[in-house]
Amino acid sequence: MKRKHVLGMVLTAVMCASMSMGALAEEDFHLELKLSHVFAPNEQLTITMEEICNNIRERTDGAIDIQHFPQGQLATYKDGLEQVVRGANFISVEDPSYLGDYVPDFNVLAGPMLVTSYDQYEYLLESDEVKGMMAAAEEKGIKILNLDYIFGFRSMMTNKLIEKPEDLKGMKIRTPGSELYVNTINYMGATATPMAFSETISAVQQGVVDGLEGTIDAYATNGSAEVAKQMALTKHLLGVCGAYINIDVWNSIPEEYQTIMQEEFNEGAARMVKKISEGEAATREKLENEMGITFNEVDSAAFQAAIAPIYEDMKDVTPGLYDRFQEIIAEMPEE
């Protein structure tokens, strides 16, 4: 009995010491991360990311210190995601199409005219297919914190009335460097011109390009409205970003802090979608009344037919995934 009693005391002491060491390790834990994207300071995504960084810093008492770098101050687009894959203490906030370099099926999720509403996209995110894609990304070293930072549908911004693909013939349109974006603009009838956004406004002014594409929110905040006065509501791509961190960096973070980070990235996405949804009408009204912007509808069926070959030509994607996504959307319960 004495031997069992002593053994129990030893085990209890070991467990207490282990718990104490774990608590001490967590107490001493400190991680500085850099979060990067291309959005301007007054765009909603930038505002949301600043809130997320501040909330995480406060809730972890500074143990997780995320430094926020908007407007392309650090690596962005493909280069930003490469930082994540290489294991840097870095959070890249980018369009899901850049994940397509590592898991090709993300090209379908980010593809042109896949969805017609925010709700449809969010419904797809809950599907087994997308969850499987996220697991595949982790095998490539990418932990997806959230894929739901919607900032609106992207449309054409030029100084010409655009109603059908033929109207874009001969026009150079600035686009991000994503292959999917470039292909989309080219198939729509224009000539895609990849370019850093910092060079774009002057390029439109000087006639180097004939316009750009982007969301209504960006139109009102990043200077586009000063140089392009006509928006054709092509809604060719859903403007959405995900937040990505290296899986090993993520796994090095104590579970309590992981939980806080995940909560803040999820809640931030929900807030952002709500604000964008509620604010679009007011932003459009401001663009029309205060900035002299004209909006026009387009022949959506003609543009949809024009971009259809993009899905047929996508390399290494799961066969039939586009059709499967359309089936899932069709299964959405009516509100």
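To be clear, the structure that these remarks concern was listed above.
Residues numbered from 1 in each chain as written. Predicted model: local features only at pLDDT ≥ 70, side-chain atom pairs only at ≥ 80, totals over all residues. Heavy atoms only, no water.

(A) Fine view of the overall build of the protein chain. Per the secondary structure count, the protein chain includes 14 helices and nine strands. Across its three principal axes, the protein chain shows a C-alpha extent of roughly 90 × 40 × 40 Å. Taking all 335 residues of the protein chain together, 50% fall into the buried category. Taking the intrachain contacts of the protein chain between residues at least 6 apart in sequence as the baseline, contacts between residues at least 24 apart amount to 77%. (Helix = DSSP H or I, 4+ residues; strand = E, 2+ residues; numbered from the N terminus. Buried < 20%, exposed > 50% of the residue type's maximum accessible area, 1.4 Å probe, protein only. Contact = heavy atoms within 4.5 Å.)

(B) Representation of the pairing of strand β8 (residues 230-246) in the model. In terms of burial, β8 is a largely internal element, 16 of the 17 residues being buried. Bridge count for strand β3 (residues 90-94) against β8 is four bridges, and the pairing is antiparallel. Residue pairing across strands places V93 opposite A243, the latter belonging to β8. Pairing analysis gives twelve bridges linking strand β4 (residues 142-158) to β8, with the strands arranged antiparallel. Bridge pairing in β8 places I144 opposite Y244. Pairing analysis gives three bridges linking β8 to strand β9 (residues 294-296), with the strands arranged parallel. Pairing of Q230 across the sheet is with T294, part of β9. (Pairing = 2+ DSSP bridges.)

(C) Layout of the packing of aromatic side chains. This structure, assessed with the given rule, holds five aromatic pairs. An angle of 25° between the planes, with centres 5.8 Å apart, marks the rings of Y118 and F153 as stacked. Of this pair, Y118 sits in helix α5 (residues 118-125) while F153 is found in strand β4, placing the two residues 35 residues apart along the sequence. In this pair, the class of Y118 matches that of F153, namely buried. Arranged with centres 4.3 Å apart and planes meeting at 40°, the rings of Y311 and Y322 form a pair that is tilted. (Phe/Tyr/Trp six-rings, centres within 6.5 Å; stacked < 30°, edge-to-face > 60°.)

(D) Main features of α5. Looking only at α5, the buried set comprises Y118, Q120, Y121, L124 and L125. Down the axis, α5 shows its buried residues gathered within 165° of arc, on one side only. Contacts made by the buried residues of α5 are with α4 (106-109), α6 (128-139), β4, β8, α12 (255-291) and α14 (321-330). (Arc of directions from axis to C-beta.)

(E) Structural context of unusual backbone geometry. Positive phi, close to 60°, is recorded for Q71, a residue that is not glycine. With respect to the helices and strands, Q71 occurs in the loop between β2 (64-69) and α3 (77-85). Residues other than glycine seldom take positive phi values, yet M113 does so here, at roughly 55°. Here M113 shows up in the loop between α4 and α5.

(F) Representation of the environment of N146 within the structure. Structurally, the position occupied by N146 is in strand β4. When the C-alpha atoms of N146 and V93 are compared, they prove to be 9.6 Å apart, with 53 residues separating the residues in sequence. One polar contact links the side chain of N146 to the main-chain amide nitrogen of D148, over a distance of 2.7 Å. (Polar contact = N/O pair within 3.5 Å; in protein donor to acceptor, adjacent residues only side chain to side chain.)

(G) Looking closely at the nonpolar core. Membership of the largest hydrophobic core comes to 85 residues, with the highest contact counts inside it found for I64, I66, I91, L109, Y149, F265 and F325. Of all the elements, β4 adds the most residues to this core, at nine residues. With near-sequence residues (within four places) excluded, F265 lies in contact with L35, M49, I52, I56, I66, I91, L145, N146, Y149 and A243. (Core = buried A, V, L, I, M, F, W, Y, C linked by side-chain atoms within 4.5 Å.)

(H) Expanded view of the packing of α5 against α14. Orientation of α5 relative to α14, taken along the N-to-C sense of each, is 110°, at an axis distance of 10 Å. In terms of orientation, α5 and α14 fall into the roughly perpendicular class. Crossing handedness for the pair α5 and α14: right-handed. Mapping the contact onto sequence places Q120, Y123 and L124 in α5 and F325, I328 and I329 in α14. (Axes fitted to C-alpha atoms, helices over the stretch in contact; angles between N-to-C directions. Parallel < 35°, antiparallel > 145°, perpendicular 65-115°, else oblique. Left-handed = near helix turned anticlockwise from the far one by under 90°.)

(I) Region of interest: the environment of M134. Among the secondary structure elements, M134 is positioned in helix α6. Given a relative accessible area of 24%, M134 falls into the partly exposed group. As a C-alpha pair, M134 and F106 span 28 residues in sequence and 9.1 Å in three-dimensional space. Other than its neighbours up to four places away in sequence, M134 contacts F106, I144 and L147.

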